[in-house]
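Listed here are the chains, written in short residue letters.
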Number of protein chains: 2
Amino acid sequence: LMTVTPAVFRQQFLTRHHWEQAQFFLALDQPQRLRLYEVLTPQELGDLFDDIDDDDAQIPQFLSEMTPQVAADMLGAMYTDNAVDILEHLDKISVRRFLARMPHATAAEIRNLLHYEDETAGALMTTDFVAIESDQTVGAALELVRASANDAELIYYIYVLAQNRLVGTVSLRELLANDADVALAKLMNQRVISVPVTADQEDVAQKVRDYNFFALPVIDDQQQLLGIVTVDDIIDVIDDEAISDYSGLAGVDVEEVAEQPLRSALKRLPWLITLLFLGMSTASLINHYEALVSEASVLAVFISLITGTAGNAGTQSLAVAVRRLAFKDQTHTAMKLLLTELITGVMIGVVTGATITVVVGVWKHNFILGFVIGLAMCSAIIVANLAGSFIPSLMERLGFDPAVASGPFISTLSDLTSVLIYFSIAQHFIHFFVS
Amino acid sequence: LMTVTPAVFRQQFLTRHHWEQAQFFLALDQPQRLRLYEVLTPQELGDLFDDIDDDDAQIPQFLSEMTPQVAADMLGAMYTDNAVDILEHLDKISVRRFLARMPHATAAEIRNLLHYEDETAGALMTTDFVAIESDQTVGAALELVRASANDAELIYYIYVLAQNRLVGTVSLRELLANDADVALAKLMNQRVISVPVTADQEDVAQKVRDYNFFALPVIDDQQQLLGIVTVDDIIDVIDDEAISDYSGLAGVDVEEVAEQPLRSALKRLPWLITLLFLGMSTASLINHYEALVSEASVLAVFISLITGTAGNAGTQSLAVAVRRLAFKDQTHTAMKLLLTELITGVMIGVVTGATITVVVGVWKHNFILGFVIGLAMCSAIIVANLAGSFIPSLMERLGFDPAVASGPFISTLSDLTSVLIYFSIAQHFIHFFVS
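Residues numbered from 1 in each chain as written. Chains lettered and ligands numbered in written order. Predicted model: local features only at pLDDT ≥ 70, side-chain atom pairs only at ≥ 80, totals over all residues. Heavy atoms only, no water.

Enquirer: Where do I start with the pattern of salt bridges in this structure?
Expert: Where charged atoms from two side chains of opposite charge come close, those side chains can pair. As enumerated under the stated definition, the model contains 14 salt bridges over all chains in all. A:Arg268 is the partner of B:Glu341 in a salt bridge, and the nearest nitrogen-oxygen pair spans 2.6 Å. Linking B:Glu341 in helix H20 (residues 334-364) with A:Arg268 in helix H16 (residues 261-288), this pair reaches from one chain into another. A:Arg268 matches B:Glu341 in its accessibility class, with the two residues each being buried. The partner of A:Glu290 in a salt bridge is B:Lys364, with the nearest N and O atoms 4.0 Å apart. One end of the pair, A:Glu290, is in helix H17 (residues 290-295); the other, B:Lys364, is in helix H20, on a second chain. The exposure class assigned to A:Glu290 is partly exposed, which follows from its relative accessible area of 22%. Take B:Lys364: its relative accessible area is 22%, and that puts it in the partly exposed class. (Salt bridge = Lys/Arg side-chain N within 4 Å of Asp/Glu carboxyl O. Helix = DSSP H or I, 4+ residues; strand = E, 2+ residues; numbered from the N terminus. Buried < 20%, exposed > 50% of the residue type's maximum accessible area, 1.4 Å probe, protein only.)

Enquirer: For this particular structure, what's the right way to read the packing of aromatic side chains?
Expert: Each aromatic ring pair is specified by the distance between its two centres and by the angle formed by the two planes. Residues and elements named next belong to chain B. Inspection of every chain in the model, using the stated rule, returns 38 aromatic pairs over all chains. Seen from their ring centres, Phe25 and Tyr37 are 6.0 Å apart, and the 50 degrees between their planes marks the pair as tilted. Placement of Phe25 in helix H2 (residues 18-26) and of Tyr37 in helix H3 (residues 30-39) is noted, with a sequence separation of twelve residues between them. The two residues Phe25 and Tyr37 agree in class, both being buried. (Phe/Tyr/Trp six-rings, centres within 6.5 Å; stacked < 30°, edge-to-face > 60°.)

Enquirer: Where do I start with the sheet that holds strand S3 (residues 165-171) of chain B in this structure?
Expert: The pairing of strands in a sheet happens through backbone hydrogen bonds and is either parallel or antiparallel. Residue and element names in this part refer to chain B. Ordered by their spatial adjacency, three strands build an open sheet running S1-S2-S3, and the pairing between neighbours is mixed. Each having just a single partner strand, strand S1 (131-133) and S3 make up the two edges of the open sheet. Looking at each pair of strands side by side, their axes are set apart by 35 degrees on average, direction ignored. Pairing of S1 with strand S2 (residues 157-162), which is carried by three bridges, proceeds in the parallel orientation. The residue of S2 that forms the bridge with Ile132 is Val160. (Pairing = 2+ DSSP bridges. Axes fitted to C-alpha atoms, helices over the stretch in contact; angles between N-to-C directions.)

Put into structure tokens, the structure is as follows:
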């Protein structure tokens, strides 16, 4: 494709969708990229960069390949939210250098957006929206939409302002369905659904889910319209949250882009080694009971069965708890959750314990041994189940994300409690099943 | 609110957003609902029902409370995709009864949609889109958009047809930015991004993510436009897939709405009891080595440490594998994944094994014992890591969803392999560390 003349190339290239242009660009080597920067205008580069994932680690490299002025023009031509996402990954000096080369108004807007905290509505929003005064008509609004069609990220909602405050919304659908001389104030929806600029991104996502909006306005505490969050960014938020919950449960960052096994290993080891030391306390607890094991080596047979089953129950309970806590629903308070899990744990424990009592009793022709194993398993499951819901609740209470309590952590912790329960019970009954 | 006159109530109620109307409705008791069915028109009820979650178990109850004609009119007034979602949860006789009371064209459309398989583009799509012939102009298209504004689910993309085949798309943005006499054929984007009606919903979601579209056209193999999938339905798909992956990893359905502990317990027990029997094979393996344990009861001390750590590593590897397999990326073939995980496993195994060798050596003043534990842990981790990536790959190959391989399953399975490895190694070296 790069062997044709620039004019022919542009003609073919620019009919592609921006995302496809971005995929094409990402497959180029450096000399090819350098040619592309010359063939395309900064605006065209900006359209393409709007569709590159802002987490892409190569972006700083790409920017450094352009002349500083081209890079600045390109960033200025992008939707402000995407430009900000890129600038957030750069060092302060580069950011300042690019901003200095942008038109004053654009630079000021971007500088403003850079101040908002990560994972809030402010950090997600774009300032490329369509807003109009409430004393205007449908005709004037349509004119404004036409004029903004190329710059605004979303033209399907028009935000209505009065003295700088957001007082209503009109959809493009309603504008088209009404006559040009209808007053916006009569037509607009006055029950504006909006989010504060400091809102957590999960809450913004929930509102978009509930109302099925393509965009939500973002306001400050004076009801001033600061920007809009569009649904494509909300999808990214939902994906990120899902990946982080999933990673949390597994105790590993599943986004490890690394094909390189070394980088994968380095990412997984810290958690494994930490848990290894927690596991060592279980080992030293068993060590404490070594005399008991020498006396009745049959006890060793059931260690992994009891710890494993309790760990499984704890992981299930953990996952349910993390999920319930994610919906900050009034009806699922932490206390209620714990109570539910306690009762669930008792039921699961009793059924599982009874099952294993029979199995072991028949297998070993020793129902007292069976009862000891069953009682230990039942108690271990109840405790693991409670821990699985208590620990994420505690984390939330302490201000952490409950999703970081991992399945491996709960399993390893429940190994400790299970072994303690198992040997305490076994010690108590030892004279009944060892001759 | 229900004490005021119907006119006053309607005036207050209908200014609310449909989602808020739905929330209000869901909080009513039966006598209040019966009054509401009389106060609102079927179209207004339909708007409200469009914003009730179609999985809501009460919907059949609500429908049975209405007169059959009101229910049919309401279903006919809803967006077709939502009406179909509701009808899919009803028995065949009710479906036939409602369809018989609808206008012929609506009933035919819905009957068609009901045939598409679950979790495909066909099952997600709505037929309420705006389409126009390619020999028309911008002005005619805008006229059509105005006329469709009340019925179409999404008017922001206009689909251009020639001899019934989808040949282009024009955004409302482009219509507004051009003069009325411009031919659509000149303006339209001819590189249409669409999905086949049989496409898996995950692939549809991925396309919406990539291109940041608000809707995607759905076509048959003759390029005929059958419907569109809108982004709000894609968000539901993304949420459902995330919940099902998360549930799979934990080995529990985290959507268990049940506050009732009994229902929770019944949902979790089958998996736990299955794994209990898998765990029993580990127990009988240890039983097989009971003589060894009597001879060296110190071996019992490290059972849970080795099985636990290998299980943790296997869970991490499983989560990474499920995630990678979800992106059917050419560069991550199953073989490559297994190779990467093998090398990662060796690295993790060596580091963890070396750590525990030193810890046990120092603790027990016995470096041969330390070496046995370290070697066993290293081998157990390598095997668990491989199992964690092999099992989801195998499931995918066999046509199952790799996400159903749960963390508890991998941990329980790796208990078995870990114990086997541990005792084989210990038996080999027993004379070196037991006097």
